[in-house]
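Working through the structure, step by step
One letter stands for each residue in the lines below.
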Amino acid sequence: MATLSMTTTYRPIHQLSLPGQCPHCGAQALTGHYFQLQRETRWTLRLTDQLSRRVSCTACQRECAPATWDKALTEACQAGEQQAVRLPPFFRWKTPAKLLMAMLLLVVPLLIWAISAWTDHQLRTAISQQPQPGDRLLAMPIATDTDPEPKSTYLWLKVVQVGDLEFSLIPYAGSCTTRDDCPKPSESALQPGLRFQASREDFRKTGNNLNGQDARGAERHYFVVDFERP
Ligand SMILES: [Zn+2]
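Because the structure is a prediction, the values reported are computed rather than measured. (Residues numbered from 1 in each chain as written. Predicted model: local features only at pLDDT ≥ 70, side-chain atom pairs only at ≥ 80, totals over all residues. Heavy atoms only, no water.)

1. Thoughts on the overall build of the protein
Of the regular secondary structure elements, the protein holds 3 helices and 10 strands. Its helices and strands in sequence order give the protein the pattern β-β-β-α-β-α-β-β-β-β-α-β-β, from N to C terminus. For a compact globule of 230 residues, the expected C-alpha radius of gyration is about 17 Å, and the protein comes in at 39 Å, more than 25% above that figure. If you line up the protein on its principal axes, its C-alpha atoms span 115 × 30 × 25 Å. Buried positions account for 33% of the 230 residues belonging to the protein. (Helix = DSSP H or I, 4+ residues; strand = E, 2+ residues; numbered from the N terminus. Rg over C-alpha atoms; globule rule 2.2 N^0.38 Å. Buried < 20%, exposed > 50% of the residue type's maximum accessible area, 1.4 Å probe, protein only.)

2. A short note on the pairing of strand β2 (residues 30-40)
On any regular strand, side chains alternate: one points to one face of the sheet, the next to the other face. Counting buried positions along β2 gives 10 out of 11 residues, so the element sits mostly inside the fold. One ladder, built from 11 bridges, connects strand β1 (residues 7-18) with β2; its direction is antiparallel. When the sheet's bridge partners are listed, S17 is paired in β2 with T31. The turn linking β2 back onto strand β3 (residues 44-57) is made up of 3 residues. (Pairing = 2+ DSSP bridges.)

3. Quick notes on the pairing of strand β5 (residues 136-141)
Of all 6 residues that make up β5, 5 are buried, and the element is covered over most of its length. Bridging between β5 and strand β6 (residues 155-162) involves 4 bridges; their strand directions are antiparallel. Paired with R136 across the bridge in β6 is K158. With 6 bridges joining them, β5 and strand β10 (residues 219-228) adopt antiparallel strand pairing. Within the sheet, the bridge partner assigned to R136 lies in β10 and is E228.

4. Considerations on the UniProt feature "transmembrane region" (unreviewed entry) in the protein
Mapped onto the present numbering, the UniProt feature "transmembrane region" (unreviewed entry) falls at residues 99-118. The span residues 99-118 carries 100% helix and 0% strand; its end-to-end C-alpha distance comes to 28 Å. (UniProt positions renumbered as here; feature names shortened; annotations may be inferred.)

5. What to know about the sheet that holds β3
Across the sheet, which stays open at both edges, the 4 strands sit in the order β1-β2-β3-β4 with antiparallel pairing between neighbours. At either end of the open sheet lies a strand with only one pairing partner, and these are β1 and β4 (90-93). Within this sheet the neighbouring strands show an average axis-to-axis angle of 30°, counted without direction. Running over the sheet, helix α1 (residues 71-83) touches β1, β2 and β3 and is turned about 115° from β1. (Axes fitted to C-alpha atoms, helices over the stretch in contact; angles between N-to-C directions. Contact = heavy atoms within 4.5 Å.)

6. A closer look at the coordination of the zinc ion
Looking at the zinc ion, the protein donor atoms are C22 (SG), C25 (SG), C57 (SG) and C60 (SG), and they sit 2.2 to 2.3 Å from it. One can describe the site at the zinc ion as tetrahedral: its 4 donor atoms subtend angles covering 107 to 115° at the metal. Read in sequence order, the donor residues for the zinc ion give the motif C-x2-C-x31-C-x2-C. In this pair, C25 is assigned in the loop between β1 and β2 and C57 in strand β3, connecting sequence segments 32 residues apart. (Donors = N, O, S within 2.8 Å, 3.2 Å for Na, K, Ca; no water. Tetrahedral: all angles 85-135°; square planar, octahedral: opposite > 155°, others 65-115°.)

Okay, here's the thing in structure tokens:
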């Protein structure tokens, strides 16, 4: 694959004169060249700590293969390697990679948000069209004749029975001031004495409004902000 292809660059870091004769022209003109390997892909650039060395003749410009080196030349060559000062290795992402990562950083949260919004919408539609016993709703009480100034808090309601025209809900004890940190209530917090009936038609039409009354005939109005189906 083209994206995986890697090029290696030899970065010169040191050179020195070496003893001995050129096997090609006989001149006493051998030079050792030292390189540090730099590897590059489409996405990354890396300077390794790997060294490479080469011996050439400055008289005939030809390269001397290691097979032709004598002991003195080999040792001088190794000494040169010790002298060579390596550049500090590094690794970095190239611009296309950085752009791609920036794009992913933008797109992934957007995608997660879109999926979550779509899931919420599906759940809200399913529950408001056809509530089922066990569904839980996070709701905000709305002013009524009997309760003109409800506390502006959220509370959980549980659907306990569903009829053709109305359905019954029971509030859980406890409330919270913001919808995002409203803990899921335990079943022991149910308050059956506050059970009320709500219109299925109103809920179905609006997707949010619970309008009804309790056993004593007191009005109950809620605006539903969150939906949960076990
Ligand atoms: Zn030569």
